[in-house]
Amino acid sequence: MSDLDHLRQSRHELLDGFDAQGVDAVRAAHVLIIGAGGLGCPAATYLVAAGIGHLTWVDGDTVDATNLARQVLFGPNDIGQKKVIAGRNALQRLHPTAAITALTEAADESLLQQLVPQSSIVLDCTDQWVTRQMINRVCVAHKVPLVTAAAIEWSGQLMTVDPRRSDQACYACVFDPSHAPEEHACGAYGVLSAMVGAMGCLQAAEALKQIIALKQANAPQLLSLFDARAGQWQQLRLSRNPDCPVCRASARS
Ligand SMILES: [Zn+2]
C-alpha cells in the first residue's frame, strides 16, 4: 500500500470495529453499483474515496441538465456524455489509481448474471421497480449482499439484504413482485436533491459495514424510511416471508 493509500484509510483504521482488518477487506472488495444517478453518484464517491478495491459501475443513461442538482459528479460540460464515463472521470480525480470499470449499458438479466457472482456486494441505485426486483432476484440466487435505496419527492428508503443469512428478508419479501406500483416517468416527480444524496451516502455506509462484516449483536434487519419534510425517520423491523417467490426456493437449497 502506498503512503497516500495508507493515509487515505487511516481514520477508518482508528474506528472501533473497523480496524486494520476492515481496511484490508475494503481494499479487497469488488463493489457493483447499478445506476449512476442521484443515489449512485454519492454512493460511488464515498466508496471510491474510501479505497475500495474495484468498482464496476453500470448505467446506460447520458447526463442532462435536469440531473445536475443532485447527480453531483456531473457538471455542464458533461451534458450528453454517458453518466458512468463522466462519473469515472470525476472519481479518478478523487482517487487517481482507483480501479473503476464503467459499463455504458442498461443492466439486464444476462449482464447481472455475469456481474453479480464476481461482486462482494451490490448497490441498487436504480429507479425502476422491474429492475429492482431483477437485481434482488439475482443477488438472492448468488447469495451476494444487496443494499437497495430509493428516493422520490421528500421521501427516501433504505434496506440491506444479506442472502447468506437464512433469517433475512429479501426485497421481494417486503415488496411483492406481483404487485407492481403504478409507475410514471421519473421526470414526472420532484425530488429533494440533498435527501437523495443522503440516501446514497447511507448506501455506501451500509456497504462498508457489510464489507468489513461489522459485528452487531442481535441487530434487527430494518427498512428505514426518511421523511425529509418532517425531518423524521421511521424504521420497520423486517422478517422473511415464508411464501416469498424469490427467496423461498433458495432457503431450501
Ligand atoms: Zn424473499
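Up top you'll find the structure we're talking about.
These lines cover the structure that appears in this document, whether it is placed above or below. (Residues numbered from 1 in each chain as written. Predicted model: local features only at pLDDT ≥ 70, side-chain atom pairs only at ≥ 80, totals over all residues. Heavy atoms only, no water.)

**Digging into the overall build of the chain**
Keep this limit in mind: Where helices and strands are cited, they refer to DSSP runs of H or I of at least four residues and of E of at least two residues respectively, numbered from the N terminus. Note that the radius of gyration is over C-alpha atoms, with the globule rule given as 2.2 Å times the number of residues to the power 0.38. Each residue's exposure class comes from its accessible area (1.4 Å probe, protein chains only) as a fraction of the maximum for that residue type: buried when under 20%, exposed when over 50%, partly exposed otherwise. Whether two residues are in contact is decided by their heavy atoms, any of which lying within 4.5 Å being enough. Only the protein chains shown count as covering a residue, and every accessible area follows the Shrake-Rupley method with a 1.4 Å probe.
What the chain contains, in helices and strands, is 10 helices and 8 strands. Here the C-alpha radius of gyration of the chain, 18 Å, is about what a compact globule of 253 residues would show, namely 18 Å. Expressed as lengths along the three principal axes of its C-alpha atoms, the size of the chain is roughly 50 × 45 × 40 Å. The proportion of buried residues among the 253 residues of the chain is 45%. Taking the intrachain contacts of the chain between residues at least 6 apart in sequence as the baseline, contacts between residues at least 24 apart amount to 64%. Carbon and sulfur atoms form 51% of the exposed surface of the chain, whose accessible area is close to 12500 Å².

**Here's the deal with the sheet that holds strand β4 (residues 121-124)**
For clarity, the threshold we go by: In this analysis, strands are considered paired if DSSP registers two or more bridges between them. To get an axis, fit a line to the C-alpha atoms, keeping to the stretch in contact for a helix; angles then go from 0 to 180 degrees between the N-to-C directions.
The 8 strands lie next to each other as β3-β2-β1-β4-β5-β6-β7-β8, forming an open sheet whose pairing is mixed. Each edge of the open sheet is held by one strand with a lone partner, namely β3 (99-103) and β8 (232-237). Taken over all neighbouring pairs, the strand axes of this sheet differ in orientation by 15 degrees on average, direction set aside.

**With respect to the coordination of the zinc ion**
Cut-off, in case you're wondering: Because no water is among the atoms considered, metal sites can look incomplete, with donors defined as N, O and S atoms within 2.8 Å of the metal, or 3.2 Å for Na, K and Ca. For four-coordinate sites, all angles between 85 and 135 degrees define a tetrahedron; for four- and six-coordinate sites, opposite donors beyond 155 degrees with the remaining angles between 65 and 115 define square planar and octahedral shapes respectively, and all other cases count as irregular.
Around the zinc ion, the protein contributes the donor atoms Cys170 (SG), Cys173 (SG), Cys244 (SG) and Cys247 (SG), which lie 2.2 to 2.3 Å from the metal centre. For the zinc ion, the 4 donor atoms in the first shell make angles of 94 to 122 degrees at the metal, so the coordination geometry reads as tetrahedral. Mapped onto the sequence, the residues coordinating the zinc ion show the spacing C-x2-C-x70-C-x2-C. With Cys170 in the loop between β6 (155-161) and α8 (171-174) and Cys244 in the loop between β8 and α10 (247-252), the pair connects residues that are 74 residues apart, well separated along the chain.

**Thoughts on the pairing of strand β5 (residues 146-152)**
Put simply, the rule reads: Here a crossover is taken to be right-handed if, once the strands point away from the viewer, the path from the first strand over the helix to the second is traced clockwise.
A large share of β5 lies buried, amounting to 5 of its 7 residues. Sheet topology note: the β4/β5 ladder contains 3 bridges and is parallel. The residue bridging Asp124 from the neighbouring strand is Thr148, located in β5. As a crossover connection, the stretch from β4 through helix α7 (residues 129-142) into β5 is right-handed. Sheet topology places β5 next to β6; 7 bridges connect them, and they run antiparallel. Following the sheet pairing, Ala150 is matched in β6 by Gln157.

**Notes on the environment of Cys201**
Along the chain, the position of Cys201 falls in helix α9 (residues 193-211). Overall, Cys201 belongs to the partly exposed group, its relative accessible area being 27%. The sequence separation of Cys201 and Pro42 amounts to 159 residues, and the corresponding C-alpha distance is 5.6 Å. Those residues in contact with Cys201, other than ones at most four positions away along the chain, are Pro42 and Tyr46.

**Examining the pairing of β3**
Across 5 bridges, the pairing between strand β2 (residues 54-58) and β3 is parallel. When the sheet's bridge partners are listed, Val58 is paired in β3 with Leu103. In this fold, the crossover linking β2 to β3 by way of helix α5 (residues 83-94) has right-handed handedness.

**Re α9**
This is how the line gets drawn: Helix span is expected to be 1.5 Å times the residue number reduced by one.
The end-to-end C-alpha distance of α9 is 27 Å, a good match for the 27 Å that 19 residues give at a rise of 1.5 Å each. Restricting attention to buried positions, one finds in α9 the residues Met195, Val196, Gly197, Met199, Gly200, Gln203, Ala204, Ala207, Leu208 and Ile211. Positive phi shows up at Ala213, right after α9, with a value of about 50 degrees.

**What about the pattern of salt bridges?**
Basically, it comes down to this: Take a side-chain nitrogen of Lys or Arg and a carboxyl oxygen of Asp or Glu: if they are within 4 Å of each other, that pair is a salt bridge.
Using the criterion set out here, one finds 5 salt bridges in the structure. When the shortest N-O distance is used, the salt bridge between Arg137 and Glu109 registers 2.7 Å. Of this pair, Arg137 sits in helix α7 while Glu109 is found in helix α6 (residues 109-115), placing the two residues 28 residues apart along the sequence. Judged by its relative accessible area of 36%, Arg137 is partly exposed. By relative accessible area, Glu109 is classed as partly exposed at 29%.

Everything listed here is a matter of coordinates, which is why it stays silent on function.
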